[in-house]
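This is what each chain is made of:
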Amino acid sequence: MPRSDCNMFLQLLCFLQLFVFTLASSSSTPPFFRAKEGCDAKCGNISIPYPFGIITPNGSGCSIDGAGIGYGLTCNTSFQPPKLFIGTGNVEIIDISETEIRIKNTPAILCHNKSECDNRQSVVDGSCFGKGCCQSTIPKGLNRYETMLLVYKPQNISATSSFDPCSYGFVAEQDRYTFNASDILDGSNFINKGEDIPMVLDWAIGNKTCEEAKKDLTNFACQEKSYCINSDNNPGYRCTCSDGYLGNPYLSPGCQDINECEAQSPCVGICTNTMGSYICSCPEGSRGNGTRGGSGCFQNNQKFPVLKISLGIALGFFFLIIGTSWLYFSMRKRNQILRKAKFFQKNGGLLLKQQISSQESSGESSAKIFTAEELKLATKNYDEKLILGRGGHGIVYKGTLSDNRIVAIKKSKIADESQIEEFINELVILTQVNHRNVVKILGCCLETEVPLLVYEYVSNGTLSQHIHTSKDGISSSISWESRLRIAAETAGAVAYLHSAASVPIIHRDIKSANVLLDENYTAKVADFGASRLNPLDQNEIDTLVQGTLGYLDPEYHHSGQLTGKSDVYSFGVVLVELLTGEKPISLERSEEQRNMASYFISLMKGNNVLHVLETRVLAEGNREQVLAVAKLAKRCLSLKSEDRPTMKQVAMELESLRKSPSSTHTLMQDHYRKHNEGRTYSTSEPTDLYKVPISHYSVGDTDQFSTERDMTMSFTPR
């Protein structure tokens, strides 16, 4: 290029924006050069490796960024052969490699009629150090480079030359351009020559380091059997196949094992390919390490130290096995850690951490996040002997934490990713529920495929187990006084959920199997698996119908409108169970009595309810109390929700009945002969509960802590 003592000003600006990509392959190119499935692998003679890809008309992506904002390319087929351009611009690509993109150069040219250089002889071919040509190396790490060519009009123009009429400025690949004095003579010749001097752009993935990118595993570009390296010349990182593997590290399933035995012939003996490596051995009757360049293989003779070689080989294999095992378990542990992190993020772990942090800053009690390892140890790797119950929503295990606390751990069956945010919000609210008759949720584990819930452990089984007559005909051990207390406690807990909690909660699955009894036989309402939070400004919620057959509100079943009165209906069924000792649904009873709630209402209308009351209720129950509870149950079971009382009214009425003066006049005294014929009852029988072993009852498909068979169904609202 001419010296800088000319009369014009030329500025060349070169702005290099680096993007993120992955590569493609064909039968004639290395495995790295693979395109995304269904996308063009070539444009003319240029291979297009993923993460690059041709921009499609609909904007869907063949490149790593989908729409092709950074890695999308355009193949212009109007040229023969077709030409490849960056994005939708006019920068032509001539080659793409694993680390670089080469593009055509367009020199900036300024020509003038008169200019001055000392003489033609001072310009030396091949020299670019100020005489006709000057150069500067671009340092690493830049993504913007600006060149200026300043030419000044000389004061003395008497000495002019016609051999340097033009000035040129350009950025080129180092060592690809050698200066020639003839380049400054004819601009048109240099323009043609300039097209053969490429400009090189380094490319990388994103603008994060490997360490930063690995924190977001969802968007981390490196696939299996590859590792991440930081880019030297620009921000971002690149992926490279691990030793012994080949392919495109950006495309799933990642890099594939190289069969070194076929590709390299590294052995003079027998070559056995292994994952990521190979093993050389000698044929039978010969010895040596079998490697090319090593001892090779040679025939056995008597002087050969067979024992030493055999021992060495054995030790080598031993250490190989040890090393391979260590590598295997290390990789397995790493994959487990990554898997747990993936599940934690998918199950809303970050959102839960934010919620817990917010609660702690405000001084509120918060849920604990348990690790998968903690709960695995607590349940002895989910030993079947520790199963407390099976149900429609999952399996419940008894567990012992490291601080010796006994808990119940619920392992759900399914997980709906679309409901994760709602699940986390509901969990946070339920952990704040603080009522002596509501089972406390202690926390959860989000490192498993589906979240695990941790509850306080309630030791004495379910109300259902205690009140239903066993197969041998023995009546329940619960006294009337205890039944009335348990009913009042349960009603109070549900009323609290409806009105006293920070956000009203509709349980949606009230039943005797979800009322637990502790060592003092205090009622604890459990299993919020089907619960729904009720917005304060809504009386009804449109929802998929869920519940247990026999307890399900008919109005909710038909309309799909969930209200607090739906829980009232279910509680009415529980009252009928306490009065009769019968299960809500039984195929062993006559068709008329199959649905106990309907049968109970018909008896109430005919003033013949004493016919179905359990023997112990008749024997111990105060006449006024029992009939009052029966009438309350009838109101709770009204088909229209507006005819039912609220849970708060139910709780108040039951508490009032408990505190009312007890009469010694019982229903048994009026109907002893009719209802107790052929049966004996001992007045010395304990007046309260005793512990009933769970294993005494038949094990079916039960819910939460229950081992009682129930039938859970879901219906779609009309």
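Residues numbered from 1 in each chain as written. Predicted model: local features only at pLDDT ≥ 70, side-chain atom pairs only at ≥ 80, totals over all residues. Heavy atoms only, no water.

S.K.: Which residues make up the nonpolar core, and what are the values?
M.R.: The biggest cluster of nonpolar side chains holds 75 residues, and the ones touching the most others in it are Leu 463, Phe 571, Leu 575, Leu 579, Phe 600, Val 629 and Leu 654. Phe 33, Ile 54, Cys 210 and Tyr 237 belong to the second-largest nonpolar core, a separate cluster that totals 29 residues. (Core = buried A, V, L, I, M, F, W, Y, C linked by side-chain atoms within 4.5 Å. Buried < 20%, exposed > 50% of the residue type's maximum accessible area, 1.4 Å probe, protein only.)

S.K.: Now, about a nonpolar patch on the surface: what can you tell me, with residues and values included?
M.R.: Taken together, the side chains of Leu 311, Leu 315, Phe 318, Phe 319 and Ile 322 make up a nonpolar region of the molecular surface, amounting to roughly 520 Å² of accessible area. Note on placement: Phe 318 falls in helix α4 (residues 306–346). Relative accessible area serves as the criterion here: at 46%, Phe 318 is assigned to the partly exposed category. (Patch = residues over 30% accessible without salt bridge, like charges linked within 9 Å, V, L, I, M, F, W, Y side chains within 5 Å. Areas by Shrake-Rupley, 256 points an atom, 1.4 Å probe, with all protein chains shown as cover. Salt bridge = Lys/Arg side-chain N within 4 Å of Asp/Glu carboxyl O. Helix = DSSP H or I, 4+ residues; strand = E, 2+ residues; numbered from the N terminus.)

S.K.: Describe the sheet that holds strand β4 (residues 53–54), listing the residues and the values that go with them.
M.R.: Hydrogen bonding along the main chain pairs the strands of a sheet, whether they run parallel or antiparallel. Strand order in the open sheet made by the six strands is β4-β5-β6-β7-β8-β12, with mixed pairing throughout. The outermost strands of the open sheet, each flanked by one partner alone, are β4 and β12 (199–202). Note that strand β8 (residues 100–103) and β12 share four bridges and pair antiparallel. Bridge assignment links Ile 101 to a residue of β12, and that residue is Leu 201. (Pairing = 2+ DSSP bridges.)

S.K.: Which residues make up the sheet that holds strand β25 (residues 441–445), and what values go with them?
M.R.: Strand order in the open sheet formed by six strands is β21-β25-β26-β24-β23-β22, with mixed pairing between adjacent strands. Only two strands of the sheet have a single partner each, and these edge strands are β21 (368–369) and β22 (387–390). Sheet topology note: the β22/strand β23 (residues 394–400) ladder contains three bridges and is antiparallel. For Ile 387, the partnering residue across the bridge sits in β23 and is Tyr 397.

S.K.: Quick one: what's the story with the confidence of the model for the chain, residue by residue and with numbers?
M.R.: Residues with a pLDDT of 70 or more make up 69% of the chain, whose mean pLDDT is 76. Taken together, the stretch residues 155–161 has pLDDT below 50 and engages in five contacts with residues farther than four places along the chain or on a different chain. Contacts from residues 672–718, a stretch scored under 50 in pLDDT, to residues over four places away or in other chains number 125 contacts. (pLDDT = per-residue confidence, 0-100. Contact = heavy atoms within 4.5 Å.)

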